[in-house]
Amino acid sequence: TQRIIKSSKTIAEKLGKMSPSIERTALLCKADLTSSLVFEFTELQGFIGADYAKISSEDEKVCTGIKEHYYPLSAEGVLAEGIEGQIVGIADKLDTICAVFVGGKIPTGSSDPLGVRRAALGIIRTIINNKLNLNLSELIKKSLDLLPQKADVQKQVEEFFVQRLIISKSDE
């Protein structure tokens, strides 16, 4: 969560979109994972978090951002509409991708048990569809720097994104 908060702040600063609701969304976006309900019904993650936040009188932007940061739920799924969900979603997905690469669990062939291909496509679609002016190489470097374990995988992660972009463009 601390890495997601830091990455979200970086992305928000780069976009000129700093706001307390983005930081609050980043802070609370994984809180529902500690509940037994989400452990039992993983498809409810984000949705339950948004409900918990609403019951706790969190700002509506934060509630929506908590839910939307998981978007898209599939390769062609709906994208986050609010800036909170977009920024925190990019930060979260990028953290996951970088951690997977540092951990040596790079997807091969059709195997992608951690969903990093979908995460990369989600980042690409969010950036392109919302015309977000972001330097993905800089964000990858920042994400890698925040990880406790270090590995020289930046070029591999960048190439992974290039391949996802090529595949997504060929599918159009």
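Residues numbered from 1 in each chain as written. Predicted model: local features only at pLDDT ≥ 70, side-chain atom pairs only at ≥ 80, totals over all residues. Heavy atoms only, no water.

A short note on the overall build of the protein chain
Let me state the cut-off plainly: Helix and strand definitions follow DSSP, with helices as H or I runs of at least four residues and strands as E runs of at least two, each counted in order from the N terminus. Atoms counted for the radius of gyration: C-alpha only. Globule rule: 2.2 Å times the number of residues to the power 0.38. Type-normalised accessible area, obtained with a 1.4 Å probe on protein chains alone, sets the label of each residue: buried when under 20%, exposed when over 50%, and partly exposed for intermediate values. Surface accessibility follows the Shrake-Rupley procedure with a 1.4 Å probe radius. Residue values consider only the protein chains on display as shielding. Note that His is not counted, nor are the chain ends; the positive residues are Lys and Arg, and the negative ones are Asp and Glu. Where a charge lies is defined by one atom per residue type, namely NZ (Lys), CZ (Arg), CG (Asp) and CD (Glu).
Helix and strand content of the protein chain: nine helices and zero strands. Counting from the amino terminus, the protein chain carries its helices and strands in the arrangement α-α-α-α-α-α-α-α-α. The C-alpha atoms of the protein chain give 15 Å as radius of gyration, which agrees with the globular expectation for 172 residues (16 Å, within 12%). Across the 172 residues of the protein chain, 47% fall into the buried class. Carbon and sulfur atoms form 53% of the exposed surface of the protein chain, whose accessible area is close to 9300 Å². Side-chain charges in the protein chain split into 22 positive and 23 negative, and the spacing between the mean points of these groups amounts to 4 Å.

Examining a nonpolar patch on the surface
Condition: Patch membership needs two things, relative accessible area over 30% and no salt bridge, and members are linked within 9 Å if like-charged or within 5 Å if nonpolar (Val, Leu, Ile, Met, Phe, Trp, Tyr). Note on definitions: salt bridges are taken to be side-chain nitrogens of Lys or Arg within 4 Å of carboxyl oxygens of Asp or Glu.
Taken together, the side chains of L37, F41 and Y52 present a nonpolar region at the surface, about 260 Å² in accessible area. Positionally, F41 belongs in the loop between α3 (36–40) and α4 (47–55).

Let's talk about the nonpolar core
Rules: We define a nonpolar core as any set of buried Ala, Val, Leu, Ile, Met, Phe, Trp, Tyr and Cys residues linked to one another through side-chain atoms lying within 4.5 Å. By definition, residues are in contact when any of their heavy atoms lie within 4.5 Å.
Counting 34 residues, the largest nonpolar core has I11, I97, L134, V157 and F161 as its most contacted members. Elements supplying a minimum of two residues to this core: α1 (2–15), α2 (20–28), α6 (83–102), α7 (116–129), α8 (136–146) and α9 (154–170). Setting aside residues up to four positions removed in sequence, F161 forms contacts with L94, I97, A120, I123, I124, L136 and I140.

Details of α2
Buried within α2 are the following residues: S21, I22, T25, A26 and L28. Buried residues belonging to α2 abut α1, α5 (60–68) and α6.

What about the pattern of salt bridges?
Scanning the entire structure with this criterion turns up eight salt bridges. We note a salt bridge from R24 to E58, for which the minimum N-O separation is 2.6 Å. Residue R24 is found in helix α2, and its partner E58 is found in the loop between α4 and α5; the two are separated by 34 residues along the sequence. Taking relative accessible area as the criterion, R24 reaches 33% and is therefore assigned partly exposed. Overall, the relative accessible area of 18% leaves E58 in the buried class.

Focus on the packing of aromatic side chains
Formally: In this analysis, rings of Phe, Tyr and Trp, with Trp reduced to its six-membered ring, are considered paired at centre separations within 6.5 Å, and the interplanar angle assigns stacked below 30 degrees, edge-to-face beyond 60, and tilted for intermediate values.
Overall, the coordinates contain two aromatic pairs when judged by the stated rule. For the ring pair F101 and F160, a centre distance of 5.2 Å and an interplane angle of 65° mean the geometry is edge-to-face. Here F101, found in helix α6, pairs with F160, found in helix α9; they are 59 residues apart in sequence, far enough to count as distant. For F160, a relative accessible area of 9% corresponds to the buried category. A ring pair is formed by F160 and F161, whose centres lie 6.5 Å apart and whose planes are at 85°; its orientation type is edge-to-face. Side by side, F160 and F161 carry an identical accessibility label, which is buried.

Quick notes on the packing of α1 against α8
To keep things clear, this is the line we draw: Note on geometry: axes are lines fitted to C-alpha atoms, helical ones only across the stretch in contact, with angles between N-to-C directions running from 0 to 180 degrees. Note that the term roughly parallel is reserved for angles under 35 degrees, roughly antiparallel for angles over 145, roughly perpendicular for angles of 65 to 115, and oblique for everything else. Note on convention: near helix rotated counterclockwise from far helix by under a right angle means a left-handed crossing. Clockwise means right-handed. As a working rule, the residues Ala, Val, Leu, Ile, Met, Phe, Trp, Tyr, Cys and Pro are called nonpolar, Asp, Glu, Lys and Arg charged, and the rest polar, with Gly in that last group.
At a minimum axis distance of 10 Å, the contact between α1 and α8 shows a crossing angle of 155°. Between α1 and α8, the crossing angle belongs to the class labelled roughly antiparallel. When you trace α1 past α8, the crossing you get is right-handed. Facing α1, whose interface residues are R3, K6, S7, T10, I11 and K14, α8 presents E138, L139, K142, S143 and L146. Considering only residue class, the contact of α1 with α8 consists of three nonpolar, three polar and five charged.

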